[in-house]
Number of protein chains: 2
Amino acid sequence: MTLRHLLCILLCLAGLLTHAQTDYPPLFQQTLAGTQVQTDLAMEQAFLVPTPKDMAGGYTHEVHKQNWKTLADAAALYRLTGEERYAAFVRDGLLAYAEVYRDWPTHPTARSYATGKIFWQCLNDANWLVYVSGAYQDIYDWLDPAVRTKLNDELFRPMADFLSIENPQFFNRVHNHSTWGNAAVGMIGLVMDDDELVQRALYGIPTDELPADLRDDDSGKIMSETGRAGFLAQLDLSFSPDGYFTEGPYYLRYALSPFLLFGRALAEKRPDLDILAYRDGILGKAIDALLLQADPRGDFFPLNDSQKGMSLYAPEVVKAVDYGYYLYGQDPSLLSLAEVQGTVTLDTAGLAVATALAGGKARPFRPKSIAFTDGPEGDEGGVGILRGYGADSAATVLVMKYSAQGMGHGHFDKLSYSLYDDTGEVVQDYGAARWVNIDQKGGGRYLPENQSWAKQSVAHNTLVIDRTSHYDGDIRIGERYHPDLYAFVTAGDSLQLVSAVSEHAYPGRRLHRSQWLLTDPVLAHPLMIDLFRAQGDSAAVFELPTWYRGQLMATNLDYTTNDTLAPMGADHGYQHLFLEARGKADTTTATVQWFGQGRFYTQTMVTEAGDELLFVRPGANDPEFNLRRDPGFMLRREGPSSSTFAAVLESHGSYNPRVEVAGDPYGSITGLELLLDNADYSALRITHRLGKEWLLFLANSDPAADREHELTINGQSYQWRGVHHLITSAHASK
Amino acid sequence: MTLRHLLCILLCLAGLLTHAQTDYPPLFQQTLAGTQVQTDLAMEQAFLVPTPKDMAGGYTHEVHKQNWKTLADAAALYRLTGEERYAAFVRDGLLAYAEVYRDWPTHPTARSYATGKIFWQCLNDANWLVYVSGAYQDIYDWLDPAVRTKLNDELFRPMADFLSIENPQFFNRVHNHSTWGNAAVGMIGLVMDDDELVQRALYGIPTDELPADLRDDDSGKIMSETGRAGFLAQLDLSFSPDGYFTEGPYYLRYALSPFLLFGRALAEKRPDLDILAYRDGILGKAIDALLLQADPRGDFFPLNDSQKGMSLYAPEVVKAVDYGYYLYGQDPSLLSLAEVQGTVTLDTAGLAVATALAGGKARPFRPKSIAFTDGPEGDEGGVGILRGYGADSAATVLVMKYSAQGMGHGHFDKLSYSLYDDTGEVVQDYGAARWVNIDQKGGGRYLPENQSWAKQSVAHNTLVIDRTSHYDGDIRIGERYHPDLYAFVTAGDSLQLVSAVSEHAYPGRRLHRSQWLLTDPVLAHPLMIDLFRAQGDSAAVFELPTWYRGQLMATNLDYTTNDTLAPMGADHGYQHLFLEARGKADTTTATVQWFGQGRFYTQTMVTEAGDELLFVRPGANDPEFNLRRDPGFMLRREGPSSSTFAAVLESHGSYNPRVEVAGDPYGSITGLELLLDNADYSALRITHRLGKEWLLFLANSDPAADREHELTINGQSYQWRGVHHLITSAHASK
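Reading the values: rules and limits
- Residues numbered from 1 in each chain as written.
- Chains lettered and ligands numbered in written order.
- Predicted model: local features only at pLDDT ≥ 70, side-chain atom pairs only at ≥ 80, totals over all residues.
- Heavy atoms only, no water.
- Phe/Tyr/Trp six-rings, centres within 6.5 Å; stacked < 30°, edge-to-face > 60°.
- Buried < 20%, exposed > 50% of the residue type's maximum accessible area, 1.4 Å probe, protein only.
- Lys NZ or Arg CZ within 6 Å of the ring centre and 35° of its normal.
- Contact = heavy atoms within 4.5 Å.
- Buried area = accessible area lost by both parts, 1.4 Å probe.
- Salt bridge = Lys/Arg side-chain N within 4 Å of Asp/Glu carboxyl O.
- Helix = DSSP H or I, 4+ residues; strand = E, 2+ residues; numbered from the N terminus.
- Nonpolar A, V, L, I, M, F, W, Y, C, P; charged D, E, K, R; others polar.
- Domains from an automatic or database assignment.
- Pairing = 2+ DSSP bridges.
- Axes fitted to C-alpha atoms, helices over the stretch in contact; angles between N-to-C directions.
- Expected span 1.5 Å × (residues − 1).
- Least-squares fit on C-alpha atoms with pLDDT ≥ 70 in both.
- Arc of directions from axis to C-beta.
- Polar contact = N/O pair within 3.5 Å; in protein donor to acceptor, adjacent residues only side chain to side chain.

Chemist: Could you give an account of the packing of aromatic side chains, naming the residues involved and the relevant values?
Modeler: Think of a pair of aromatic rings as described by two things: how far the centres are apart, and how the planes are tilted against each other in angle. Scanning the model with the defined rule gives 76 aromatic pairs over all chains in all. With a centroid separation of 4.7 Å and an interplanar angle of 55 degrees, the aromatic rings of Tyr24(A) and Phe28(A) are classed as tilted. Relative accessible area serves as the criterion here: at 1%, Phe28(A) is assigned to the buried category. Members of the aromatic cluster, connected to one another through ring pairs, are Tyr548(A), Tyr559(A), Trp594(A), Tyr601(A), Phe615(A), Phe633(A) and Phe625(B). The positively charged end of Arg445(A) is found above the aromatic ring belonging to Trp120(A), 5.9 Å away from the centroid.

Put into structure tokens, the structure is as follows:
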């Protein structure tokens, strides 16, 4: 930002910006100036079109990737400044590709289900074509007709055919890869006015033109199931009706670009389709869904296969924010995201955002709790997000996942949850075992541990029964089922509930998890309350992990550490776990305290005789050091056929090593009791150090909001209406 | 800063600041306003003086600690605003202490070698008295004489006696604890005009008045060795002539406060002592030494027993910066530190800093390379700091430690090094196993693992022979010896050298380590070059660990991971280590690549037949989860009696998960060869991917700058003058 600003000032002083450019609002002007500096620098270098050879992260991969960016930027500069040197640069670059493209064989690595020509996978070729189509559009009218014909015939049409009819297994799925393929083919078709390509992009290759042995790269859902393909099918089938993307926000962020770019192009060139309103404005809903799936620091929830650290403030999300603002309702809270992003798209959307920002229209981005449905029809479970705000306005965010499998990138993590606050992750989702675009780590592809660890149930904060992953770790089973939302209550805000049921994660077992965020003046941050009921009819071993982030401070139980560590199991992720310590819970509650990023956390769990706490850490069977050694603990209960787990998690206090004063290092919940737990009702009593007491009731079999309930516990009768009920009472301090 | 600024504006608007106050320069005014808001809030609460009971981090500890701060702040506000309500508050608070102090027994915890009355250790009582003496000074003239007499007789004189003649084992050492004691007794003596106390503070308790069985808390150096005690002895014996504090910067930061506070008071009230000029201005040199021992992010090097995260920007360091500026030469680069600190001392020093800042006098703080001597006479080794700046001005800092033992807080880490850059730690010093002031972790005291792990040689980046710590891990041996600086060359800046020799870490073995930072346009960041010669006359096992920060990316050797982990040894720190993997180096060099905080690192090591690389991690025999699971690798060589280790460490490239593009993920050093290595000379050849080659020569037996050397290698003759020599040649790219 600062650098860009400075560059802009320098450029203005040097008279390098036209008068019109300096009339742009500051953020647009800075973005333009920064792009100009970078592009001019790139244009001073020779434009290289090396013969493809390397995997992601390698030399030829990175050069071709940089090329699409430079071409797109140069074309945008031509559009905005009218300087022909930019148009000529783009033309020459494209001609250089045209010179060699048809002679290139498929990429020599041959490691993808759909090997590209420029890159190791068609996906990256499609990325290239999406962005370069935009560049081509910008200079199309300026080009000599003969050059246009040459490029159309020798580069773009062959490339579009390669990415579609020559690779139907890539093009004709309902999948984010295919969306890129559809958009690439469609966008270049729109530029070239090639209706056949546009039609192919919108509707896919007709089934009868497909080879019989069409194969996918994984066992995920493929085109043949629905019989549909193409961009409109992606719009219909990739998102739930409220915009949730079944692979999760990391992939949504990636997948959204072709949706938005092709969507905008269609909105301009094919108004007859009214694409922005398609499916009740699904593109706008998808943008909202993306922006609402980030933690208070802006990092996306790392659901399913997600590399951590991807953020609302990543360059790729600029388009989502700007198009969301410009095309869908001018929500002023999006402007504050744009402000932190510090850059805008170099088009009318970015100009609108920069203009509104300069006009002081930004409002704070303070997202609310929301439950997203999953599945094209919105009937395949979903993801519930509770957001609570503490006394100091710091946010606490709980994410419960009861979604469908999420195709090939899905994890076996039914009813798992993760927790975030303003310091970042508190209880983490492991995310993916992958280093995107880092050559040393498998060329950036998924690592073997992604399958063997990251996808397994035990890598998540959810119940594992008999050391077996949900759906037996089999995607074919996982794709047949999904949990269902039981209740989602955020009215009133001080007590918010998300509750879901899985009937199929384990055959013959019903899992019902309910989680609350309780906001109360006596608590510095919202209290997380967890009630996990597991019903079945055969004895089982239950293990409920908590993958906390931080350093263990203390527990209230005696445990024994192991000085020789061996893998805990042979499969379902347990082959990667070392058991560092175990202890018997000999009281009615077990507590574990840890220190995170400057804050303390205390988890209190209801325990039964025989319960054990296992302290675990991944690292076994990790021959390439691909796994993070992050700690976890599991509450283990052996024997019953049905069992219920209840816990609360407090966030409290602070510690800064520059000051070395521990504020509130201990939690304040002194009692936790499961007063009642049966098929109809559960009742929890939570006691605070200062005497305050909360009684929390949940109706286990009827979530209806208008249903009246009555319950007697220890001779005391309670009545309420709706799925849950809270009674707060303050006793004298004990 | 922002909050303070806002408060100040609000207070000004509300007319709560007098005209004079609003005339102060902004930073002083903001600090004053912030202090006023906090103090007024504190004064609205009841002033509690609870009967002492808790350890550090516990309730009574924290209340009494807050009290000294509130009293000092209120008194300063009286001094600066003249508002009597502040003076009255301080008076009443002191009277409340006077009411109970003499009746308090020593603290019930009885866990210190010198148990306090207000706190668990005399040290904290002395902290209290140092700060409260300042407060007492501020209101002394305002008090009724009768109140003065009461406080002098019933609170302060008894407290001063308790901290000195009743606890000589605390008061009469040369140690940072005693400095606090000396300052406390001396400062209250200056306020009360009690010459006996001042004399006791300056010169200690005469030896003939001491009990015969005086005992210390550890085996560190005590008073009896030198026969001297008191503040002047601390000034003479705590620092080397250039201001280095033998316990390291973490303790210097802590110890400096009483030096500076008592020093300033003496400068005002006892000008005859000319304390600021004492020992050639040792207080100013100590301030400089503190500020120069921090990494590019401002964190102090965690040498010896140091809790990580303590920083130039910690509140405690404000005084060092402001007094350093005001009392010693008005160095404008200190102003830029004050600016980041965002606060100043509420006295003439802070006012001078704030005034200079407001006058635009600040200059960048860009420290140079420096070698500090250790020991009161400066002849007990030291610490060498090399700072190099890369193409983008980012700093790389190498710290080699060849100091004396550092008393009870010293580690067995002779010739160890650590490396830092603008992202933080690259090759880490483990620091202390301790959580200062966190009750759950042993009440904030040192944890058992501090002795068994953090102090041991293997926890550091230095050579371990036969799995035994330096000096056999025995402080009594360690205190008898120290390594010596061999050479320190920073002239020219592009090649900087620190080199030191230890003759006593292992009996009969001479260790000689030389490390360079090489700055070259072909390298993005300075290259670290390491040459470690170990000479002895009996077969040995050499292990040289590198405690890197980050995630292992790749190596060039085949290694086998262990899926069952057992402790590597029984003592000297090896009992805490798990061996995760080992591999035979079967080439002439071994490389290990890792990814740190956004940057890649590649270490290339010269290897010999039979060399092994061990991948290790602490975590064994850690019953309370006190150790961090940070990774390390060791180059292991078994057999020879003498051996030399040569390595280079490159910093390169970048990766940001928001962008997912790996820039320069691979290092560029393709060759490393030890061409010659004997008692007189070593010669290293380092080859860069682009063909550049460096030949580096070191004279091993004569470091004189004017000595002429001549050497023939493979028929080629080389001549140079001085301890080392570099020949750079550029070959055609291979």
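Chemist: With reference to specific residues and values, describe the interface of chain A and chain B.
Modeler: Taken together, the contact between chain A and chain B spans 57 residues of the former and 57 residues of the latter. Of the roughly 4800 Å² buried between chain A and chain B on both sides combined, carbon and sulfur atoms contribute 53%. Contact with chain B buries area across many residues of chain A, yet Gln440(A), Phe625(A) and Arg658(A) alone supply 17% of it, more than any other trio. There are two salt bridges connecting chain A and chain B. Glu580(A) serves as the salt-bridge partner of Arg629(B), at 3.5 Å between the closest nitrogen and oxygen. Going through the elements one at a time, α4 (59-81), α13 (249-269), β12 (551-555), β13 (559-561), β14 (577-584), β15 (589-595) and β17 (612-618) of chain A are the ones with two or more residues in the side of chain A that touches chain B. Top element by residues in the side of chain A that touches chain B is β12(A). It accounts for four residues. Among the residues making up the side of chain A that touches chain B, the classes are represented as 31 nonpolar, 11 polar and 15 charged.

Chemist: I'd like a description of the domain arrangement of chain A, backed by residues and values.
Modeler: Residues and elements named next belong to chain A. One can read the domain layout of chain A as domain 1 (38-210), domain 2 (244-367) and domain 3 (370-433 + 442-729). For domain 2 versus domain 3, the separation of C-alpha centres amounts to 31 Å. Taken together, the 22 residues of domain 2 in the interface contact 39 residues of domain 3. Taking both sides of the interface into account, the surface hidden between domain 2 and domain 3 amounts to around 2500 Å²; carbon and sulfur atoms contribute 56%. For the domain 2 face of the interface with domain 3, the top three residues by lost area are Tyr244, Asn304 and Asp305, together amounting to 24%. The salt bridge involving Lys308 is made with Glu425; its shortest N-O contact spans 2.9 Å. For the side of domain 2 that touches domain 3, the residue count by class is 10 nonpolar, five polar and seven charged.

Chemist: So, the environment of Leu523(A): which residues are in play, and what are the values?
Modeler: Residue and element names in this part refer to chain A. By the secondary structure assignment, Leu523 is in the loop between β9 (510-518) and β10 (527-535). When the C-alpha positions of Leu523 and Leu695 are compared, they lie 16 Å apart, and in sequence the two are 172 residues distant. Excluding anything up to four places from it in sequence, Leu523 contacts Leu518, Ser668, His688 and Trp694.

Chemist: Go over the sheet that holds strand β5 (residues 424-427) of chain A, please, and point to the residues and values.
Modeler: All names here are of chain A. With antiparallel pairing, five strands are arranged side by side in an open sheet as β1-β2-β3-β4-β5. The sheet terminates laterally at β1 (370-373) and β5, the two strands that pair on one side only. Strand-to-strand twist of the sheet, defined as the mean angle between neighbouring strand axes without regard to direction, takes the value 20 degrees. In terms of strand pairing, strand β3 (residues 395-402) meets strand β4 (residues 416-421) through six bridges, oriented antiparallel. Bridge pairing in β4 links Leu398 to Leu419.

Chemist: Give a detailed account of helix α9 (residues 176-192) of chain B, specifying residues and quantitative values.
Modeler: All names here are of chain B. A rise of 1.5 Å per residue sets the reference length of α9, with its 17 residues, at 24 Å; its end C-alpha atoms lie 24 Å apart and thus fit the reference within 8%. Among the 17 residues in α9, 17 count as buried, and that is most of the element. Positive backbone phi, at 60 degrees, marks Asp193, one or two positions downstream of α9.

Chemist: So, the pairing of strand β8 (residues 495-502) of chain B: which residues are in play, and what are the values?
Modeler: Residues and elements named next belong to chain B. Of all eight residues in β8, eight are buried, a share of seventy percent or more. Taking every second residue as pointing to the same face, both faces of β8 are buried, with Leu495, Leu497, Ser499 and Val501 on one and Gln496, Val498, Ala500 and Ser502 on the other. In the sheet, strand β7 (residues 484-489) pairs with β8 via five bridges, with the strands oriented antiparallel. If you follow Val489 over to β8, its bridge partner there is Leu497. Hairpin remark: β7 followed by β8, antiparallel, with five residues in the connecting loop; positive phi at Gly492, about 90 degrees. As paired strands, β8 and strand β9 (residues 510-518) are joined by eight bridges and run antiparallel to one another. Opposite Ala500, over in β9, you have Arg513 as the bridge partner.

Chemist: Outline the sheet that holds strand β25 (residues 724-730) of chain B, supporting the account with residue identities and numerical values.
Modeler: In sheet architecture, strand pairing relies on hydrogen bonds along the backbone and comes in two forms, parallel and antiparallel. Residue and element names in this part refer to chain B. Read across the sheet, four strands follow the order β20-β21-β22-β25 without closing on themselves; strand pairing throughout is antiparallel. Sheet topology places β20 (669-677) and β25 at the edges, where each strand pairs with a single neighbour. Shown here is a sheet whose adjacent strand axes are inclined to one another by a mean of 15 degrees, direction ignored. By the bridge criterion, seven bridges tie strand β22 (residues 692-699) to β25 in an arrangement that is antiparallel. Paired with Phe697 across the strands is His725, a residue of β25.

Chemist: Go over the relation of the copies chain A and chain B with me, naming the residues and quoting the values.
Modeler: Note on the identical chains: chain A maps onto chain B by a rotation of 180 degrees and an axial translation of 0.1 Å, with an RMSD of 0.1 Å. As the rotation angle and translation indicate, the two copies are arranged about a two-fold axis. Of every C-alpha in chain A, the one belonging to Leu565(A) sits nearest the axis of rotation, 2.4 Å from it. Here 100% of the interface residues in chain A have copies in chain B that are interface residues too; the copies meet face to matching face.

Chemist: Quick one: what's the story with helix α17 (residues 348-358) of chain A, residue by residue and with numbers?
Modeler: Residue and element names in this part refer to chain A. Among all positions in α17, only Ala349, Gly350, Val353, Ala354, Ala356 and Leu357 are buried. Seen along its axis, α17 keeps its buried residues to an arc of 165 degrees; they face one direction. If you follow the buried residues of α17, they end up packed against α3 (26-44), α13, α15 (316-327) and α16 (333-341). The residue sitting at the N-terminus of α17 and contributing the capping side-chain oxygen is Asp347; that oxygen lies 3.1 Å from the backbone nitrogen of Ala349. Just downstream of α17 lies Gly360, where phi reads positive at about 75 degrees.

Chemist: Let's hear about the pairing of β4(A): which residues, and what values?
Modeler: All names here are of chain A. Among the six residues in β4, six count as buried, and that is most of the element. Burial of the side chains of β4 extends over both faces: Ser416, Ser418 and Tyr420 are buried on one face and Tyr417, Leu419 and Asp421 on the other. In terms of strand pairing, β4 meets β5 through three bridges, oriented antiparallel. Each bridged residue has a counterpart across the sheet, and for Tyr420 the counterpart in β5 is Glu425.

Chemist: Describe the pattern of salt bridges, naming the residues involved and giving the relevant values.
Modeler: When charged atoms on two side chains of opposite charge get close, those side chains can pair. Under the criterion given, the structure shown has 88 salt bridges over all chains. Where Arg513(A) meets Asp530(A), a salt bridge forms, and the shortest distance between an N and an O atom there is 2.7 Å. Of this pair, Arg513(A) sits in strand β9 while Asp530(A) sits in strand β10, and the two are 17 residues apart along the sequence. In this structure, Lys285(B) and Asp280(B) form a salt bridge, with 3.1 Å as the shortest nitrogen-oxygen distance. Residue class for Lys285(B) comes out partly exposed when judged on its relative accessible area of 27%. For Asp280(B), a relative accessible area of 63% puts it in the exposed group.

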